[in-house]
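# Commentary on secondary and tertiary structure
This is what each chain is made of:
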Number of protein chains: 2
Amino acid sequence: MDSSNYYCVIMAGGAGTRFWPVSRTSCPKQFLDIAGTGKTFLRYTFERFAKIIPEENILVVTTARYVDLVKEQLPELLPQNLLAEPYGRDTAPCIAYATYTLLKRNPKATMTVSPADHLIMDEDKFRKTMLDALEYASKTDVLMTLGIRPLKPDSNYGYIQATGGKAAFDKEEPMPVKTFTEKPDPALAKVFIDSGEFFWNAGIFAWNAETIKNELEKYLPEITRLFTGWENVLGTPVEKEFIERVYADCIKISIDYGVMEKTDRAWIYPARFGWADIGNWEALYDHYEDKDNHGNAFISGERLSDGNRNLLVYSKKKDKLMAIKGLENFMVIDTDDVLLICPKENRQFKDFVAGIAMPDFEDFR
Amino acid sequence: MDSSNYYCVIMAGGAGTRFWPVSRTSCPKQFLDIAGTGKTFLRYTFERFAKIIPEENILVVTTARYVDLVKEQLPELLPQNLLAEPYGRDTAPCIAYATYTLLKRNPKATMTVSPADHLIMDEDKFRKTMLDALEYASKTDVLMTLGIRPLKPDSNYGYIQATGGKAAFDKEEPMPVKTFTEKPDPALAKVFIDSGEFFWNAGIFAWNAETIKNELEKYLPEITRLFTGWENVLGTPVEKEFIERVYADCIKISIDYGVMEKTDRAWIYPARFGWADIGNWEALYDHYEDKDNHGNAFISGERLSDGNRNLLVYSKKKDKLMAIKGLENFMVIDTDDVLLICPKENRQFKDFVAGIAMPDFEDFR
C-alpha cells in the first residue's frame, strides 16, 4: 500500500466543559485522560493514525489558546502541521482551512478528518476500516463517513440512513447515504433505531481534498470565497494574519449541516471497531468497563470504598486517597480547586452546575 | 492585681488523628483551625492566657516533632519557655517537667495548666474564672480544677463530684472535690448526670507549683525521683540530654489517674464560660453554630449546595469550591491527599478509617 498521498486532519479545537470540573475552557476533554487510560484523547488519536498514515502527513487543527497544549502532548508534530484557528467556527471552516492547506502541498491528497476526543475500542479493526475507506475515497469522488451500528436511541449523535434498507445494514462495504440527520429529537431517534436502517455518524470522514473543496465551493461558497485566490499565502509568515481575517468574516457551521446533509456524494462505510463519543460523566460511567461488583467505577485516585453502589469516582490527582463510604448512584469528581459530589444522572449534573460562574467556565453547554 | 507570680503551662503535645484526614500525626488538632475560626487552637489558647498572665510567664510543653510548629504559630514565645518532651508520656510527666522548671525560676509560682485544643466560647467569663481560680490557689494549698456543667452523658470526659450535693451545684465558688472519675462507661456517665451533682473535668488546673510538686512526690514518686537532685540542669545546655534520659525511664500516666483521683487536696471551681473539648468530627458538627436552614455546616471551603441536609463540609483549601448536591447526614472532608466522604456518625467514621495504613496515620485512636 502506498500511503504517501494519505493525510489525516485531527480536529482538536472544541472547548466543551461537559466534564467539568475536570475539563475547563482552558483544558477541554481532548487534552485530558478522562477515561483513566493513561493517555489523553488527543495522544491516542494521533498514535492511532500514525500507524497507518505517515507522521509528516498528520495535521492538527486547534484554536490559538490550545496551541501550547497540542505542542506539549504531541512533541513530534511538525510545526507546519499545526494549524491554529483564532477561535472556533465549528467544523466546516476548520475543514476548509485544512483542505486548502493540503491541496497546496499535494493536489492528489486523500484525507481523513477526525475528532480528537473519541474512544475507539478495537484499534486493529479501526485501522483496517480506515485504510479501506481511504482507498475507496481515493479512487472515487465520494464523501465517505464512518457509520456506527447504534446501541440505543441517543439524540446527541447524528444519524445516517444507508441506501438498501435493512438488507444493507449488515454489510461491511461502502454504500451511498440516503438521509443524513444531525442530532434528532429523542422521539425521532427512537424511530430511527426501530427502523433498523440507521447508523450513528462518527464524524470521521474520508475524501479526496479536491472533492471536498468542490463540495464546499458548491454548498458553502461564503466560506470558500474567503480562501479562493489566497492559497499562496498558506504556509508563509503572513498565514496567521490572513487566517485571522478569514475567521473574522467566516460563518459558524458544521460540515454535517453545511455539506453532508446536502450533497449527493455522501457515502457511508459501516464500521465495527467499537466507538464512543463520550459526552458527559454519565456516559463515561456507562462505558467504563472496570467496575467492581457493586458497580463502582473508581477511574482515577486511590480507592478506599465501603458500602458504595454505582459510584463514579475521579480524582485529577492520581495518588489521592478517595475514601468513600455509603454512597449510591453518585459521582465524586475532585480537582485542585473544585470538589463535585452530585447524583450521577447527567440531567441532575447539568441542572446543578448550570448556574456556576467561574472564570474558567465560560461556555458550559 | 499582681500577676507576676502567675504562670501558664499550655500542654500541646497530643498526637491524635481523630480529625483525620485533616489532623495527622505530623499535624494534630491543636495546630489546626478545625473549627474554621481563623486561628489554630494553640494560637487561641496562647492569646487567651496572654490577656491575664505576663507573656514571659507562659510556657508551652510539646513533643520534639512539633517544636517547629509551635515556633511557627507562636513566634513571640520565649525560647526558654518552649519545653520539648522527646515523646509523649501523658500529662503527669509533662506537668512534672513544667513544675520543676517553674520552681527553679520562681519558688512562689502559681500556675495554671491547660490543654491547647479546647474551645472556649465566653472569653471574658473565662478570664474572670481563671484569675479567681489562680488567686484562690495562690493563697492555699489546693489543687484547683475547673468544672463544667455537663450538657449530656458523655463518656469521653472526666467527671467531678463536688461536696455539698445538689445544693452546691449552682454555686460559683471553689469547693472541695468529693469524687474524681476519669472517663466512666456510658451507663455510669448517665447516673452521674441524673444525680445532678457532677461536673465535667475541663482538664484546666490551678495550683501553686510547690503544692503540685509535693503531691507528685507523694503519689508519683517514680516520676519525681527522676527530677529530684537534678533541678540545676534545667534551663542549661544539657537539659535536652537530661530530659531524654528522664523520659526513657518515665512511666506513662495522666495527672487525673496519677494524682487528682487520689489526693485530698482536689478542689473544683464551677465554670460557666462555655467550653468544649471537641473530640471528633461529629462533635464538631454538633457544636458548630453557623449551620444553614437545612442543618448543613460548610465550615471551610466555598459553598455550592443544593438539596443537602445535615452535612459537615470541610476543605483544607479555603477557596476550593465544594459543589455538593443531594447528600444527607454525611461528612465531606477534603485535603491535598485525601478525600473522605462518610456518614457523619463518629462510630461509622471510626469503623471506616480504622484499617487505613498511611505513613502519617500511625496512631489513630
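Scroll up a little and you will see the structure.
Residues numbered from 1 in each chain as written. Chains lettered and ligands numbered in written order. Predicted model: local features only at pLDDT ≥ 70, side-chain atom pairs only at ≥ 80, totals over all residues. Heavy atoms only, no water.

### Let's talk about the overall build of chain A
Counting its regular elements, chain A contains 12 helices and 17 strands. The C-alpha atoms of chain A give 21 Å as radius of gyration, which agrees with the globular expectation for 365 residues (21 Å, within 12%). In terms of overall dimensions, chain A has C-alpha extents of about 65 × 50 × 40 Å along its principal axes. Restricting the contact set of chain A to residue pairs at least 6 apart, pairs at least 24 apart contribute 67%. When the accessible area of chain A is evaluated, it comes to approximately 15100 Å², of which 48% is carbon and sulfur surface. (Helix = DSSP H or I, 4+ residues; strand = E, 2+ residues; numbered from the N terminus. Rg over C-alpha atoms; globule rule 2.2 N^0.38 Å. Contact = heavy atoms within 4.5 Å. Areas by Shrake-Rupley, 256 points an atom, 1.4 Å probe, with all protein chains shown as cover.)

### Digging into the relation of the copies chain B and chain A
Of the transformation superimposing chain B on chain A, the axial component is 0.0 Å and the angular component is 180°, with the fit at an RMSD of 0.0 Å. Such a combination of rotation and displacement between the chain copies is what one expects of a two-fold axis. Taking C-alpha positions as the reference, the residue of chain B nearest the rotation axis is Asp336(B), at 4.0 Å. Here 100% of the contact residues of chain B are again contact residues in chain A; the copies associate through an equivalent surface. (Least-squares fit on C-alpha atoms with pLDDT ≥ 70 in both.)

### A word on empty space enclosed by the protein
A complete count under the given rule lists 2 cavities of 30 Å³ or more for this structure. What the largest cavity holds in volume is close to 40 Å³. If you go around the largest cavity, the residues you meet are Leu32(A), Asp33(A), Ile34(A), Ala35(A), Thr37(A), Lys39(A), Thr40(A), Phe41(A), Tyr44(A) and Leu119(A). Taken together, Arg48(B), Phe49(B), Ser114(B), Pro115(B), His118(B), Ile120(B), Phe126(B) and Ile204(B) make up the full set of residues lining the second largest cavity. Contributing elements (two or more residues each) for the lining of the second largest cavity: α1 (41-50) and β4 (110-115) of chain B. Of the residues assigned to the lining of the second largest cavity, the class counts are 5 nonpolar, 2 polar and 1 charged. (1 Å grid on protein atoms, 1.4 Å probe; cavity = no way out; pocket = protein on both sides within 12 Å on 5 of 7 lines; lining within 4 Å. Points joined across faces, edges and corners; volume = space filled by probe spheres on them. Nonpolar A, V, L, I, M, F, W, Y, C, P; charged D, E, K, R; others polar.)

### Comments concerning the environment of Leu284(A)
Residue and element names in this part refer to chain A. With respect to the secondary-structure elements, Leu284 resides in helix α11 (residues 281-287). C-alpha separation for the pair Leu284 and Asn346, spaced 62 residues apart in sequence, amounts to 11 Å. Not counting the four nearest positions on each side in its chain, Leu284 is found in contact with Phe19, Ile34, Ala35, Ile278 and Ile299.

### Structural notes on the side chain of Thr145(B)
Position of Thr145(B) among the secondary structure elements: in strand β6 (residues 143-148). Beyond its immediate sequence surroundings of up to four residues, Thr145(B) is in contact with Ile160(B), Phe180(B), Asn201(B), Ile204(B), Phe205(B), Met260(B), Trp267(B), Ile268(B) and Tyr269(B).

### A short note on the pattern of salt bridges
The tally for this structure, following the rule as stated, stands at 46 salt bridges over all chains. Residue Arg24(B) is joined to Asp337(B) by a salt bridge in which the shortest nitrogen-to-oxygen separation is 2.8 Å. On the criterion of sequence distance, the pair formed by Arg24(B) in the loop between β1 (6-11) and α1 and Asp337(B) in the loop between β16 (330-334) and β17 (338-343) is long-range, its members being 313 residues apart. The buried category is assigned to Arg24(B), whose relative accessible area is 8%. Within this structure, Lys39(A), Arg43(A), Glu47(A) and Glu76(A) form a network of salt bridges that share partners. (Salt bridge = Lys/Arg side-chain N within 4 Å of Asp/Glu carboxyl O. Buried < 20%, exposed > 50% of the residue type's maximum accessible area, 1.4 Å probe, protein only.)

### Topic: the sheet that holds strand β12 (residues 297-300) of chain A
Strands sit in the order β12(A)-β14(A)-β16(A)-β17(A)-β15(B)-β13(B) across an open sheet of 6 strands; the sheet is mixed. Pairing within the sheet leaves two strands with one partner each, and these edge strands are β12 of chain A together with β13 (302-306) of chain B. Along the sheet, successive strands turn relative to each other by an average axial angle of 5°, direction set aside. The sheet contact formed by strand β17 (residues 338-343) of chain A and strand β15 (residues 321-325) of chain B spans 4 bridges and is parallel. The residue bridging Val338(A) from the neighbouring strand is Leu321(B), located in β15(B). Where helix α12 (residues 346-353) of chain A meets the sheet, it contacts β16 (330-334) and β17 of chain A together with β13 and β15 of chain B, and its direction lies at approximately 135° from that of β17(A). (Pairing = 2+ DSSP bridges. Axes fitted to C-alpha atoms, helices over the stretch in contact; angles between N-to-C directions.)

### Quick word on the side chain of Thr112(A)
With respect to the helices, strands and loops of the structure, Thr112(A) is situated in strand β4 (residues 110-115). Here Thr112(A) is in contact with Tyr7(A), Cys8(A), Val9(A), Phe49(A), Ile53(A), Met130(A), Leu134(A), Ile204(A), Phe205(A) and Ala206(A), once residues within four sequence places are set aside.

### Thoughts on the packing of α1(B) against helix α4 (residues 123-139) of chain B
Residues and elements named next belong to chain B. Contact pair α1 / α4: the axes reach a minimum separation of 10 Å and the direction vectors enclose 60°. On the basis of their axis angle, the class for α1 and α4 is oblique. At the point where α1 passes α4, the crossing takes the right-handed sense. Counted together, Tyr44, Arg48 and Phe49 of α1 and Glu123, Phe126, Arg127 and Met130 of α4 form the full contact between these two elements. In the contact of α1 with α4, the residues fall into 4 nonpolar, no polar and 3 charged. (Parallel < 35°, antiparallel > 145°, perpendicular 65-115°, else oblique. Left-handed = near helix turned anticlockwise from the far one by under 90°.)

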